[in-house]
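Structural description and commentary
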Amino acid sequence: MSFDKISVIGLGYIGLPTAAMFASRKKKVIGVDVNPKAVDTINQGQIHIVEPDLDMLVHAAVKEGYLRASTKPEQADAFLIAVPTPFLPKENKSDIPQPDLSYIESAAKSIAPVIKKGDLIILESTSPVGATEQLEQWLAEARPDLTFPSSNGESSDIRMAHCPERVLPGLVIKELVENDRVIGGLTNLCSQKAVELYKTFVKGECVITNARTAEMAKLTENSFRDVNIAFANELSIICDKLDINVWELIKLANRHPRVNILQPGPGVGGHCIAVDPWFIVSKTPEEAQLIRTARKVNDSKPDWVIEKVKQAIGEYLLENPDKTAKDVTIACYGLTFKPDIDDLRESPALEITNRIAKMHPGTIFGIEPNISQLPKHIKNIKRVNFEKAIQDANIHLMMVDHKEFLESKLSSMNNKFLVDTKGIEIRYP
Ligand code: SAJ
């Protein structure tokens with residue numbers, strides 16, 4: 001079977017680059033999204049998200065007629081589902097966030113009328129274990145005239161697999177091509193078909209497993225990172241208490257050939273690492289003790305940072321008895337969730353800045369070189385450049401190690417009132 005026409009459902013940070021990659025290999029791609037504005041933008045050869053090199057790829061794909069977007073699914077030979085899997089609204093009873101599969105369910109219902117015998121359906125969205133089988137069940141209910149892998153094995157009409165995306169924001173185009181791919185088919189033939197599809201553009205190895213293991217592999221990768229960052233964050237709090245520089249300590253410990261500690265920071269942000277571990281905890285709450293604790297350690301780091309800022313304000317006022325809190329200007333360096341990107345989603349730096357702006361009566365400077373305009377709901381933060389902040393602020397709060405800050409000789413700051421969550425001075429002397 002060859003895949004003459006490919007449909008990508010969900011044209012966000014993963015779906016759009018994936019659709020553009022297939023189109024760049026001269027496959028006919030129909031991208032589907034519920035957002036008509038995104039669909040219009042793409043059909044004009046433009047993009048609605050920020051990712052290096054994606055604009056050129058989409059522009060060329062649309063211009064040459066290989067990529068087209070629509071709000072309605074149509075027939076294709078392969079369907080890739082790349083819709084969000086957020087949390088359900090929180091119930092009072094449980095402190096464990098539960099995954100919301102409603103976007104996958106809607107995607108299933110929207111493609112059900114157009115799928116046909118021989119089609120391949122791939123779930124790319126990061127999902128709790130069992131989600132691919134759940135998707136299969138929704139499709140089977142909607143299309144009793146077709147047979148599916150779990151009940152009909154290799155002779156089924158429809159092939160299905162879970163192939164999680166694992167690309168790093170900012171490097172999506174490169175990593176889509178170069179990373180190895182985990183291919184979890186509901187049967188072996190399903191996996192083989194999925195490998196055939198991905199080999200259209202993937203240069204990395206496509207490694208075959210089953211759907212449940214593929215689902216768990218993705219969650220495991222992000223939980224591994226979360227647990228390791230939690231270790232670093234906990235170390236930073238311990239070291240602060242013991243008057244030890246945590247970044248020097250980590251540098252020293254990492255000289256051991258079998259130790260590789262990650263870096264502490266103001267907390268863990270983004271839409272993946274702070275989310276995915278909960279998909280494991282919600283399935284196995286009794287067993288996933290370490291993973292749950294790591295989430296709590298990382299989620300509570302902003303509270304600790306705010307306490308350090310309060311302490312710094314107190315010390316400043318003690319040294320400057322003629323001043324009141326209203327006279328104290330706090331500069332918050334970096335608002336995005338990690339360095340050198342423009343993404344504010346689930347950013348601990350932004351959360352901390354907002355919380356400080358609410359509690360502190362003086363001026364708050366926000367220094368963010370990667371964003372031209374802050375979202376409207378962010379109030380009481382004065383945008384200034386790095387030089388002005390260094391010169392005019394009384395308390396300096398470093399939260400994101402953007403290259404602009406590293407190049408700017410941060411060590412020229414008045415160290416006494418610097419709250420440095422990224423160890424800029426010692427990591428980048
Ligand atoms: N962070 C630290 N210390 C570190 C490393 C990161 O505090 O030493 C923080 C960052 O500042 C950020 C958060 O962790 O707030 C997450 O950043 P990240 O760069 O670790 O990861 P993401 O969320 O941008 O992308 C991750 C990647 N997963 C892994 O590296 C295992 C990516 O490959 C996944 O595709 C992506 O999640 C996803 O979509 O799931």
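So, a few notes on the structure that sits alongside this text.

Criteria and cut-off values
- Residues numbered from 1 in each chain as written.
- Predicted model: local features only at pLDDT ≥ 70, side-chain atom pairs only at ≥ 80, totals over all residues.
- Heavy atoms only, no water.
- Near = heavy atom within 4 Å.
- Polar contact = N/O pair within 3.5 Å; in protein donor to acceptor, adjacent residues only side chain to side chain.
- Areas by Shrake-Rupley, 256 points an atom, 1.4 Å probe, with all protein chains shown as cover.
- Nonpolar A, V, L, I, M, F, W, Y, C, P; charged D, E, K, R; others polar.
- Helix = DSSP H or I, 4+ residues; strand = E, 2+ residues; numbered from the N terminus.
- Buried < 20%, exposed > 50% of the residue type's maximum accessible area, 1.4 Å probe, protein only.
- Salt bridge = Lys/Arg side-chain N within 4 Å of Asp/Glu carboxyl O.

With that settled, the discussion passes to the site of the ligand. The full set close to the ligand counts 19 residues, and Glu165, Val167, Lys218, Arg225 and Phe337 are the nearest of them. In the environment of the ligand, an oxygen atom lies 2.6 Å from a nitrogen or oxygen atom belonging to the side chain of Lys218. Gly269 places a main-chain nitrogen or oxygen 2.9 Å from an oxygen atom of the ligand. Look at the ligand: alone it shows 780 Å² of surface, and the protein chains cover 87% of it. Of the residues contributing to the shell around the ligand, the split by class is nine nonpolar, three polar and seven charged.

Turning our attention to the environment of Ile42. In this fold, Ile42 is placed in helix 2 (residues 36–43). With relative accessibility at 0%, the residue Ile42 sits in the buried group. Ile42 sits 358 residues away from Val400 along the chain, and the two C-alpha atoms are 32 Å apart.

Take the pattern of salt bridges next. Summed over the entire model, instances satisfying the criterion amount to 23 salt bridges. Glu74 is the partner of Lys5 in a salt bridge, and the nearest nitrogen-oxygen pair spans 3.0 Å. Placement of the pair is Lys5 in strand 1 (residues 5–9) and Glu74 in the loop between strand 3 (67–70) and strand 4 (78–81), with a sequence separation of 69 residues. Here Lys310 ties to Glu307 by a salt bridge, and the two come within 3.4 Å at their closest N and O atoms. Within this pair, Lys310 and its partner Glu307 are both found in helix 13 (residues 301–319), separated by three residues, close to a single helical turn. By relative accessible area, which is 40% here, Lys310 ends up partly exposed. Note on Glu307: relative accessible area 42%, which makes it partly exposed. Where salt bridges share partners, they join Lys5, Arg68 and Glu74 into one cluster.

Everything listed is a geometric property; what it means functionally is a separate question.
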